[in-house]
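Here is what each chain is made of, one letter per residue.
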Protein chains: 2
Amino acid sequence: MESAYLSLKAVNPYIRRLSARVSISERSTIIVTMSLSERIRPALEIRAQTLEPSAVLPKDCLLPRNVMGVPRASGLLSDRELELTEKYDATALVNMLAEGVVTSEALLLAFRKRATIAQQCTNCLTELIPQATNDARACDEFLANTGKPMGPLHGLPVSVKEQISIAGRRTNVGFVAMVDNVTSEDAQIVTSLKRLGAVVFARTNQPQSLMQLQTNNNIYGATVNPRNTSLTAGGSTGGEAALMAMHGTPLGIGGDIGGSIRVPAALNGIYGFYPSVGRISGEGALVPLPGNDSIPGTLGPFTRSLRDISLFCTAYSLTNPWLDDPSLLPMPILSPSPALSPTNPLRIGILTTDNVVTPLPPVQCALKQVQARLHHAPNIALVPFQPYKHDYAWTLISANYFEDGGAAIKELCKTGSDPLLPATEWILAQCKQSIDSLSLHTIQARKAARDAYRVAYAKHWNKAAVDVLIAPVTPSTAPRVDSRVPYWGYTAVWNLLQYPAIAFPIGGFKSGRGDLSDYQPRNEKEEGIAREYVAEEAEGMPVGLQIVARRLHESVLVEAARVIEDAMRLEIGCRL
Amino acid sequence: MESAYLSLKAVNPYIRRLSARVSISERSTIIVTMSLSERIRPALEIRAQTLEPSAVLPKDCLLPRNVMGVPRASGLLSDRELELTEKYDATALVNMLAEGVVTSEALLLAFRKRATIAQQCTNCLTELIPQATNDARACDEFLANTGKPMGPLHGLPVSVKEQISIAGRRTNVGFVAMVDNVTSEDAQIVTSLKRLGAVVFARTNQPQSLMQLQTNNNIYGATVNPRNTSLTAGGSTGGEAALMAMHGTPLGIGGDIGGSIRVPAALNGIYGFYPSVGRISGEGALVPLPGNDSIPGTLGPFTRSLRDISLFCTAYSLTNPWLDDPSLLPMPILSPSPALSPTNPLRIGILTTDNVVTPLPPVQCALKQVQARLHHAPNIALVPFQPYKHDYAWTLISANYFEDGGAAIKELCKTGSDPLLPATEWILAQCKQSIDSLSLHTIQARKAARDAYRVAYAKHWNKAAVDVLIAPVTPSTAPRVDSRVPYWGYTAVWNLLQYPAIAFPIGGFKSGRGDLSDYQPRNEKEEGIAREYVAEEAEGMPVGLQIVARRLHESVLVEAARVIEDAMRLEIGCRL
């Protein structure tokens, strides 16, 4: 055991930074009082108690900077468990489960072990769910007794962001004030997943206020990127993304109000799907201020393949979630419609810059790579796509995020003696600054401006006459954990418009193309991001792009993504 | 000419109450200052100038209380014009137009004449649109040149509520402050109608603030019910409904945020369709406070037959309105879906009371009549349906109507020296009272309560497992013009839930069943409504009911309405 770590240690200069499995949360609790420390202790104890005992790493073992290899190197998983967690996507696993090739209980144990290791490496979990083992056994018994799977997700372990309630368990949403908050009912997404036969087994970390594109809070601390633990996993659904990157879950559910699914997906080399609002029920997904809906967030899946997005959507729609949650459209997410046929050839716009922050070399290279591969595809017409006032879009959406100016979040933090983290302070300040700069001092004026922008963007898109866009998700690869230059522009604009988007992995950034010699920052934002960029740290880190379609055009989006992946001859699964 | 009126006069005791064609607006302007009178004069002059000159009634002619017969009795319309305006629904007319059986220009003239007479009888118009004649000629030329109709509504005259902008014309939304407000672009619904070949020819009256279930403002005054001009036409789209009742338009577009399409439809014996929000574009339909969307209104059609609702929806969806207005669902309004199949037999709930205001005899009789007719239909299962906290629903929706507490409306009225009318004051007071009684003093708390009610109602509906409901629209037949006991409960609950509904005519209330001997008022609201009820005035007045479906289940709604009408052996067209 020790020897595996020693060999990893030898190649990793950051090895001393994360020296033990609770180091990350300890680090963040340094800034708070003892009394806070006492208050969060039960949450940390629940987590510790629910982890898989057979996958606890040796005390004081030293972890490398890149922890991707730790599960394999640890020797704690059997070959079969390594195969089950690494080789298959969710679609393959549900087929194997339905055919009895693997039992749900065995599969769950494999993922519980791997998730426990992922937790120790990246601080991605808030707990494993004890009940899951019973649920998995029930699936196996059902199949044994009836010869039939319980549903289209029979026996599949699924992880969810912590904000998603689980009956009888605590849901704190990253707020110390809510650390004792027991929720009495399952969130609707959990109910649907269970109806489909899935085994909800893990809950994952999120940032204070949920409004950060990184993941850090004063209960569990920061979740880090498994490929370089000095970098962020992204956020707000960073726990899910880090867990999936480490093959600690085959399917995860997160939330996205400004990039919170797509950013961590892109920074971790996996798929993340932000559907339009009205597709997936958010009932029972707790938020700081219920009823604050000028900009609604939505839940969506993380997957290891494009076909898993279809698997999830098709299965979820079978539960008729719109009957219980009437805010949803009463139709399958991917239902085709004559009104929703993509053109032939598929017309794809390429957005290479939003004219606010031009992407840095890793993302520029990815965009060029995609263009080069799609250029000659006979069924694709590539066209440039000009952004339409994306700087204004950020001002608008940030002005609209907090109808109360952030009062509810501040109050929650005050109640919990929960110091506002810098990234929380930043987004609340953005809101105020944006409202002032727009001189839109009523909620209604801000919403009216929002609506006008949506209509103007539709006109702009119609003029370009594209089916979908390919666009950056982030300006570069994963920033440092302590980065102070968040940039939401590439994702939040689509939340403002409610245009669905799939973040998909392009691969690891290749060496020798990372320098900034051609990059001339034109504004403060570009300067800040360029200043933090370290070419060596980008090396090998995942780059993701997103495919974007018109609002509620998910069927077009998924079909276009399929055509794009076919044209790029990408294999199913992640590239790293 | 005069003799016709004399004969009508002989049977009508109310004949002196409305003695000349501008009397109604004059009556309401009595309460305002001369300076107001000067400010509104241009609007009244525009109306007077755009009416059809060949259909102006003789000066000082006396009108009967029931003016339904005036168009025919006036002698101003030819037999052909009477036939064209009375005998056909829009579906029949578009077929005749496409086949060249009638020209658009001739049909337009017939409706212009009849609308002009309707205006003089009920004060339903704000103007006729001069450009319509050119548009009709263009249709005729197109057909003559190409042999093809311009679109599925080729040549059909269509009227719209005044709040719906017309390029280059004034749109005042019933506010004196906006009397000079010229709108530069057509509303999207107008653009769509024109693309379909329709001829938008008339604009109709609405109440101050749009928030009344009657129709009165300080510019044009009150619109009255053509079957009894001492009674209201309902509102807020009362102008449309009175116009259609008098066969002055074959298809009209109104707006509904609390009953504003369904109430005037029911009180005038026609069809009114309130679709779920997200179906018909409201872009360019002006409102007092843009961005005030806790409870959004929507546009919808008035028709003379059920099939005309399908005609409108199918045609409108062909214009792909969702491409220009991304707030809409990108799919045809009536697109069927496996998720939206009604059960067989069709399961219909009957809501006989909301447990707040039990309907008075006219509506009770209509409900009994429907139940008796549907009881034995083999393809229908009738079940009682219990209301779910409809009193609370009214408190919630009224608390949510005005995010700013009505400040924008008050400010507009102040700017225009536009005295707040009692019905405007009433609804603003309801808002304040409801907020206080709920103790929900933030917008977000009110919206959260709204969302929770929606989820609770879905559960309630699912338990009853009905496809649609049949329910009252109003507690009784049309109230007096000066009624002070508005009741929104039967319609507004479905706006709160965004459940689509079709108001349909049951027929005129029959004599001898109108007394209140069995009606024991249980609360203030029932007492007020019972106190105003006059059995003799209800006699012969239209009664409407509504069919209600789950949110966005328009295809189920229209299919159910067809089954219900078939079962009731109703002929197509209005019953009166």
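Please refer to the structure higher up on the page.
Residues numbered from 1 in each chain as written. Chains lettered and ligands numbered in written order. Predicted model: local features only at pLDDT ≥ 70, side-chain atom pairs only at ≥ 80, totals over all residues. Heavy atoms only, no water.

**Q** Report on the relation of the copies chain A and chain B, specifying residues and quantitative values.
**A** If you rotate chain A by 180° and push it 0.0 Å along the axis, it lands on chain B with an RMSD of 0.0 Å. In symmetry terms, the pair is related by a two-fold rotation axis. Across chain A, the rotation axis passes nearest the C-alpha of Leu-329 of chain A, at a separation of 4.3 Å. A high fraction, 100%, of the interface residues of chain A reappear at the interface in chain B, so the copies pair face to face through one surface. (Least-squares fit on C-alpha atoms with pLDDT ≥ 70 in both. Contact = heavy atoms within 4.5 Å.)

**Q** Could you give an account of the pattern of salt bridges, with specific residues and numbers?
**A** Where charged atoms of side chains with opposite charge meet at close range, the side chains can pair. If you walk through the whole model with that rule in mind, you get 50 salt bridges over all chains. Put simply, Lys-447 of chain B and Glu-403 of chain A hold a salt bridge, and the shortest N to O gap is 2.7 Å. You can see Lys-447 of chain B sitting in helix H18 (residues 443–464) and its partner Glu-403 of chain A sitting in the loop between helix H15 (390–401) and helix H16 (407–415), one on each of two chains. For the salt bridge of Arg-41 of chain B with Glu-38 of chain B, the shortest nitrogen-to-oxygen distance reads 3.5 Å. Note that Arg-41 of chain B and Glu-38 of chain B are positioned in helix H3 (residues 34–50) at a spacing of three residues, about one turn of the helix. The exposure class assigned to Arg-41 of chain B is partly exposed, which follows from its relative accessible area of 37%. (Salt bridge = Lys/Arg side-chain N within 4 Å of Asp/Glu carboxyl O. Helix = DSSP H or I, 4+ residues; strand = E, 2+ residues; numbered from the N terminus. Buried < 20%, exposed > 50% of the residue type's maximum accessible area, 1.4 Å probe, protein only.)

**Q** Tell me what's going on with the nonpolar core, and back it up with residues and numbers.
**A** Residue and element names in this part refer to chain A. Core analysis: the biggest nonpolar cluster contains 170 residues, and Leu-153, Ile-189, Leu-193 and Tyr-401 have the highest contact counts within it. With eight residues, the top contributor of residues to this core is helix H22 (residues 554–567). Ignoring anything within four residues of it in the chain, the contact list for Ile-189 reads Ile-164, Ile-253, Ile-280, Ser-281, Leu-299, Phe-312 and Tyr-316. (Core = buried A, V, L, I, M, F, W, Y, C linked by side-chain atoms within 4.5 Å.)

**Q** Quick rundown of the sheet that holds strand S9 (residues 271–274) of chain A? Include the residues and the values.
**A** All names here are of chain A. On the basis of which strands lie adjacent, the open sheet formed by eleven strands has the order S1-S5-S2-S8-S10-S9-S14-S15-S13-S11-S12 and mixed pairing. Of all the strands in the sheet, just strand S1 (125–128) and strand S12 (380–384) have a single pairing partner and so form its edges. Taken pair by pair, the neighbouring strands of this sheet meet at an average axis angle of 30°, ignoring direction. Helix H14 (residues 361–374) rests against strand S11 (346–350), S12, strand S13 (468–472), strand S14 (501–508) and strand S15 (542–549) of the sheet, and its axis sits at about 60° to S15. (Pairing = 2+ DSSP bridges. Axes fitted to C-alpha atoms, helices over the stretch in contact; angles between N-to-C directions.)

**Q** Describe the packing of aromatic side chains, naming the residues involved and giving the relevant values.
**A** Residue and element names in this part refer to chain B. In total, this model carries 38 aromatic pairs over all chains according to the counting rule given. Centre to centre, the rings of Tyr-457 and Trp-494 are 5.8 Å apart; their planes meet at 85°, and the pair counts as edge-to-face. Taken as a pair, Tyr-457 in helix H18 and Trp-494 in helix H19 (residues 489–497) lie far apart in primary sequence, 37 residues in all. On the basis of relative accessible area, Tyr-457 is assigned to the buried category, the value being 0%. (Phe/Tyr/Trp six-rings, centres within 6.5 Å; stacked < 30°, edge-to-face > 60°.)

**Q** For the packing of helix H15 (residues 390–401) of chain B against H18 of chain B, give the residues involved together with the corresponding values.
**A** Residue and element names in this part refer to chain B. At a minimum axis distance of 10 Å, the contact between H15 and H18 shows a crossing angle of 145°. Taken as a pair, H15 and H18 cross one another with a handedness that is left-handed. In contact with His-390, Tyr-392, Ala-393, Leu-396, Ala-399 and Asn-400 of H15, H18 contributes Arg-446, Lys-447, Ala-449, Arg-450, Tyr-453 and Tyr-457. Here the contact of H15 with H18 is built from residues that sort into seven nonpolar, two polar and three charged. (Left-handed = near helix turned anticlockwise from the far one by under 90°. Nonpolar A, V, L, I, M, F, W, Y, C, P; charged D, E, K, R; others polar.)

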